[in-house]
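Residue-level structural notes
Listed below are the residues making up each chain.
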Amino acid sequence: MVQIFSRITMMPVASLMATLVHQGALLASVQVTDAFTPSQYRPAAVKHIMSSPTTTTLFDASSSDIQGKLKAQMAKLQERDRSSADIAAKDLDVVYEDEHIVVINKPSGVLTVPGKDDNPSLNKVVFERFGCESNRMDKMVVHRLGMDTSGLVVFARTNSALRELNSLFRTRKVTRKYEALVCGHLAKDSGDIDLSLMRDYEYPPYMRVSTDEHQRALIGLDSGEVGKKLLESPKESMTKFEVISKEEMNGKKVTRIALTSISGRTHQLNVHCAAIGHPIVGDTVYGFGGEAAPNGGLEESDLPEDRASEALQKDIAEAVAGKPMCVHAKSISFDHPVTKEALSFDCAAPF
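Keep in mind that this is a model prediction, so the values were computed, not measured. (Residues numbered from 1 in each chain as written. Predicted model: local features only at pLDDT ≥ 70, side-chain atom pairs only at ≥ 80, totals over all residues. Heavy atoms only, no water.)

Bringing empty space enclosed by the protein into the picture now. Applying the stated criterion across every chain, the model contains one cavity of 30 Å³ or more. Put simply, the largest cavity is a space of about 30 Å³. Contributing to the lining of the largest cavity are Val182, Leu186, Ile193, Phe241, Ile257, Leu259, Cys273, Ile276 and His278. In terms of residue class, the lining of the largest cavity is built from eight nonpolar, one polar and no charged. (1 Å grid on protein atoms, 1.4 Å probe; cavity = no way out; pocket = protein on both sides within 12 Å on 5 of 7 lines; lining within 4 Å. Points joined across faces, edges and corners; volume = space filled by probe spheres on them. Nonpolar A, V, L, I, M, F, W, Y, C, P; charged D, E, K, R; others polar.)

Turning to the nonpolar core, a few remarks are in order. Among the nonpolar cores identified, the biggest contains 45 residues, and Leu92, Ile104, Leu122, Val126, Phe155, Leu259 and Tyr286 are the most heavily contacted of them. Per element, the largest residue contribution to this core is five residues, and it comes from helix H6 (residues 268-275). Setting aside chain neighbours within four positions, we find Leu259 in contact with Arg176, Lys177, Tyr178, Ala180, Thr239, Lys240, Phe241, Leu269 and Cys273. (Core = buried A, V, L, I, M, F, W, Y, C linked by side-chain atoms within 4.5 Å. Buried < 20%, exposed > 50% of the residue type's maximum accessible area, 1.4 Å probe, protein only. Helix = DSSP H or I, 4+ residues; strand = E, 2+ residues; numbered from the N terminus. Contact = heavy atoms within 4.5 Å.)

On to unusual backbone geometry. Following Pro204, the chain continues into Pro205 via a peptide bond in cis, with omega recorded as 5 degrees. Relative to the assigned elements, Pro205 resides in the loop between strand E9 (197-199) and strand E10 (207-209). Unusually for a residue other than glycine, Asp118 sits at a positive phi of about 55 degrees. Along the chain, Asp118 turns up in the loop between strand E5 (101-106) and helix H2 (122-130). One non-glycine residue, Lys340, adopts positive backbone phi at about 70 degrees. Tracing the sequence through the fold places Lys340 in the loop between strand E13 (327-335) and strand E14 (342-346). A residue is classified by how much of its surface remains accessible, and Lys340, at 46% relative accessible area, is partly exposed.

Note: disulfide means a covalent bond formed between the sulfur atoms of two cysteine side chains. Applying the stated criterion to the full structure yields zero disulfides. Cysteine Cys183 remains unbridged, with the sulfur of Cys326 as its closest cysteine sulfur at 9.3 Å. Overall, Cys183 belongs to the buried group, its relative accessible area being 4%. (Disulfide = S-S within 2.5 Å.)

With 19 residues, helix H1 (residues 63-81) should reach 27 Å at 1.5 Å per residue; the first-to-last C-alpha distance of 26 Å fits that figure. Each element contacted by the buried residues of H1 is listed here: helix H5 (223-226). (Expected span 1.5 Å × (residues − 1).)

Right, let's talk about the pattern of salt bridges for a bit. By the definition in use, this model includes 16 salt bridges. Notably, a salt bridge pairs Arg216 with Asp212, separated by 2.9 Å at the nearest N-O pair. Within this pair, Arg216 and its partner Asp212 are both found in helix H4 (residues 212-216), separated by four residues, close to a single helical turn. Judged by its relative accessible area of 40%, Arg216 falls in the partly exposed class. For Asp212, a relative accessible area of 3% translates into the label buried. The partner of Asp315 in a salt bridge is Lys252, and the shortest N-O contact between them spans 3.4 Å. Here Asp315, found in helix H7 (residues 310-319), pairs with Lys252, found in strand E12 (residues 252-261); they are 63 residues apart in sequence, far enough to count as distant. The exposure class of Asp315 is partly exposed, given its relative accessible area of 30%. Since its relative accessible area comes to 29%, Lys252 is described here as partly exposed. (Salt bridge = Lys/Arg side-chain N within 4 Å of Asp/Glu carboxyl O.)

The following block contains the structure:
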């Protein structure tokens, strides 16, 4: 039996329990009770999928193969990070500032933090312009956006603000909403995508929808060789979506949607959109022909009926080649870390 650690909550699932023990131990039994109601967003992947081990085709998860793939991909990512745009302090789009925090509208193509290679970054420019109490630019960072994602980023200027903001993010008391263009037209106007995520050993260091069989493949691997993150248990991940408008791009169907990340996992929005058959326009990692597993790791047959066809995804990918990915951190709301005043900021998407 192949099981997917997931549910799409427009179709309620009664329970999901899984225990995975690494390092030569056995995978404990997994009990899943489904109580789905009919819905177009009921991919076959969420149901019990029957198959025998002999018919399941998985990459043999050996430490040496994973290390080789990871090393090659990390070299590509490091090279890409070096292309981060170098912006001047005077060009910062400052949405809000006071003595404790700064809110910036980050452009696409700029790293939030510099990384080990000290690449050009938003963090560096914000530190140069505003400074902070600790006089350490890394002590300003409380969250980050991917290099290709534009939108709102909050930085701390005082130690008290840093501590409280970290607590707010950790306890999920910060509401972040994104706007994105995705391939195809969604049939539903709104819904929840509840798909647990895991690191993908076939395409490290990227993410994928977690499945029982992919978790089993990790048994016996050494965290000292492949890294602890790869061997982590599946992470529950929830995204809420709402259709803003159905549009066309160069004559091709796209949908403008609002996305709310409830759990805030790595690459969550990208994987979730791909896993319901509507990858984000311009996503060169999780979209058509991307570097990660297609469809968020799911099979084509597991996707909902309204999924964007491969031909449509290909046409859109070709039309936007070389252009920024269409995802934007549009709004953020939280209580001020010092004054406790309720704050809410919004900025329009550039696409």
